[in-house]
Amino acid sequence: MGKFTFDEINSMYFDVLREIGNIGAGNATTAIATMLGIKLSMEVPNVKLMGVEDLNTAIGSEEEEIVGIYLGVQNDISGSLMFLLKMDDAHNLVNHLLGRDGAYKAPFDEMDLSAMKEIGNIIAGAYLSALSAMTNLNISPTVPYIAVDMAGAILSIPAIQFGQYGDNALLIETSFGGETVFEGYFILLPELDSYDKILTSLGIML
């Protein structure tokens, strides 16, 4: 078990984790802009430290349908990463990628899910690449899984995982867009020993 706990987080750790969120989200924005062939700008991410019990409503109502992309994190650190989108934003991203009219809102079929998974894979990979570059750690993602379900069901996964380590969780909210603005949410779930490695590699002594 690592020395780091979310219940004892102080402002220095939080500033470091916010900066990781900043750079990771910026890298992800660049990657998705390149993939879609559009110009995107990014607002400064909003990094929240929140109670595990509040995760199920972190991005809206528990009953609201959202898209969640979940993948493992491996090599020098271990854990997982989730990227979450509300349905309107997910449809807009897939429509851009597939060259469809922006108003198309039919339920996702297999092609849509495959496109969304690829978008999530690129976004998550870019985020982890930024983290790897900052820390000089070897970090890579596993094959992503995608779910379209109510927020309460999807967010129960990180709530359970964070609940093993403490009462608090980190949620990174970012907005990116040009003519159309997308909102995405990252939940990075390293195991506690991995947080030790990340912070130590950045010169933060625990």
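See above for the structure.
Residues numbered from 1 in each chain as written. Predicted model: local features only at pLDDT ≥ 70, side-chain atom pairs only at ≥ 80, totals over all residues. Heavy atoms only, no water.

Here the focus is empty space enclosed by the protein. As enumerated under the stated definition, the model contains 2 cavities of 30 Å³ or more in all. In this structure, the largest cavity occupies an estimated 70 Å³ of space. As for the largest cavity, its lining consists of Leu17, Ile20, Gly21, Val47, Tyr127, Leu170, Ile172, Leu188 and Tyr195. Listing elements by their share of the lining of the largest cavity, those giving two or more residues are α1 (11-36) and β7 (168-177). A class-by-class count of the residues in the lining of the largest cavity yields 8 nonpolar, 1 polar and no charged. Estimates place the volume of the second largest cavity at around 30 Å³. Listed by contribution, the elements that provide at least two residues to the lining of the second largest cavity are α1 and β7. If you tally residues by element for the lining of the second largest cavity, the top one is α1, at 4 residues. Considered class by class, the residues forming the lining of the second largest cavity number 6 nonpolar, 2 polar and no charged. (1 Å grid on protein atoms, 1.4 Å probe; cavity = no way out; pocket = protein on both sides within 12 Å on 5 of 7 lines; lining within 4 Å. Points joined across faces, edges and corners; volume = space filled by probe spheres on them. Helix = DSSP H or I, 4+ residues; strand = E, 2+ residues; numbered from the N terminus. Nonpolar A, V, L, I, M, F, W, Y, C, P; charged D, E, K, R; others polar.)

With 45 residues, the main nonpolar core has Leu81, Met116, Leu128 and Phe186 as its most contacted residues. Judged by nonpolar contacts, the second largest core, of 16 residues, contains Ala58, Met82, Leu84 and Ala151. (Core = buried A, V, L, I, M, F, W, Y, C linked by side-chain atoms within 4.5 Å. Buried < 20%, exposed > 50% of the residue type's maximum accessible area, 1.4 Å probe, protein only.)

Before going further, it helps to examine helix α3 (residues 110-135). If you check α3, its first and last C-alpha atoms are 37 Å apart, about what 26 residues at 1.5 Å a residue would give, namely 38 Å. Among the residues trailing α3, Asn136 stands out with phi positive, at a value near 60°. (Expected span 1.5 Å × (residues − 1).)

For the rest of this paragraph, the subject is unusual backbone geometry. Its identity is not glycine, yet Asn75 carries a phi of approximately 85°, on the positive side. Of the residues examined, Asn75 reaches a relative accessible area of 45% and is grouped as partly exposed. With a phi close to 60°, Asn136 is a non-glycine residue in the positive phi region. Among the secondary structure elements, Asn136 is positioned in the loop between α3 and β5 (139-141).

Before going further, it helps to spend a moment on the pairing of strand β4 (residues 79-86). Here β4 lies mainly inside the structure; 6 of its 8 residues are buried. Inspection of the sheet shows strand β3 (residues 65-75) paired to β4 by 8 bridges, in the antiparallel sense. Counterpart to Ile69 in the pairing with β4 is Phe83. As consecutive antiparallel partners, β3 and β4 are separated by 3 residues. With 7 bridges joining them, β4 and strand β8 (residues 181-190) adopt antiparallel strand pairing. Looking at the pairing, Gly79 lines up with Pro190 of β8. (Pairing = 2+ DSSP bridges.)

Glancing now at the environment of Lys105. On the secondary structure map, Lys105 appears in the loop between α2 (87-98) and α3. Take Lys105: its relative accessible area is 37%, and that puts it in the partly exposed class. Put simply, Lys105 and Asn92 are 13 residues apart on the chain and 8.6 Å apart in space, counted from C-alpha to C-alpha. Among all residues touching Lys105, those that are not within four sequence positions of it are Asp88, His91 and Asn92. Of the polar contacts made by the side chain of Lys105, one reaches the side chain of Asn92; its length is 3.3 Å. (Contact = heavy atoms within 4.5 Å. Polar contact = N/O pair within 3.5 Å; in protein donor to acceptor, adjacent residues only side chain to side chain.)

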